[in-house]
Amino acid sequence: MKKCSLLVGSALLSVMAMQPAFAERGLTLEVGQTSDSDKVYRLGMQFDFGRSLWQSDGGNVRLEGYWDAGLTRWQADSATSVSVMPVFQFRFGQGATVPFVEAGIGAAWFSKTDLEESERDLGSAFQFEDMIGAGLRFDSGSQAGIRAYHYSNAGIKEPNQGINKVALYYRLAI
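Residues numbered from 1 in each chain as written. Predicted model: local features only at pLDDT ≥ 70, side-chain atom pairs only at ≥ 80, totals over all residues. Heavy atoms only, no water.

### What about the pattern of salt bridges?
Here is step 1: One pass over the structure, following the stated rule, counts nine salt bridges.
Here is step 2: One salt bridge in this structure joins R147 and E30, with 3.1 Å as the shortest N-O distance. Of this pair, R147 sits in strand β10 (residues 143-152) while E30 sits in strand β1 (residues 25-34), and the two are 117 residues apart along the sequence. E30 matches R147 in its accessibility class, with the two residues each being buried.
Here is step 3: With a shortest N-O distance of 3.6 Å, E64 and R62 are connected by a salt bridge. With respect to class, E64 is no different from R62; both count as buried.
Here is step 4: One continuous salt-bridge network, built from bridges that share partners, spans E30, E102, R147 and K165. (Salt bridge = Lys/Arg side-chain N within 4 Å of Asp/Glu carboxyl O. Helix = DSSP H or I, 4+ residues; strand = E, 2+ residues; numbered from the N terminus. Buried < 20%, exposed > 50% of the residue type's maximum accessible area, 1.4 Å probe, protein only.)

Here it is, written out as structure tokens:
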């Protein structure tokens, strides 16, 4: 797993150094809890698509998106997961603080498939990562919110017990 973490970290730094054509980038810190009451911590990087995907006539509702890459530590099970997903975000209103809802579906790779403390067997290291969330976006581009996640291999390999988590997060615009 150390090689995988090193590879993901190197890839993130390389992408940041290339000065991509993304409008904004972000660094997210997240703290949460699984459905089995285990603590989880996540560090993520976001790269906005760089353009609005849709906007209402008055501009009060916008659909935007970003790529999210993350490293999650599942504390009780001493497991780590690496994930990437496109996220689509509806923003409501204009001004210094704007509420939003968001959702995304991506892929995650777990260091362990048998989460003993959670008494869950994920079946495979590959998992789909589904997320839905809501929060506030500030004038600086930073965000704060809450997210609910579901991890499952969609029956690719049995057993497929999956796991859920809920987390609070803060995204710092960089």
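Picking up after the structure, the text goes on.
### So, the pairing of β1
Here is step 1: Strand direction decides the pairing type here: β1 and strand β2 (residues 39-48), joined by nine bridges, are antiparallel. Paired with L29 across the bridge in β2 is L43.
Here is step 2: Hairpin connection of β1 to β2: four residues between the antiparallel strands, including S37 at a positive phi of 70°.
Here is step 3: Summarising the sheet, β1 and strand β11 (residues 163-173) pair through nine bridges and their orientation is antiparallel. If you follow T28 over to β11, its bridge partner there is R171. (Pairing = 2+ DSSP bridges.)

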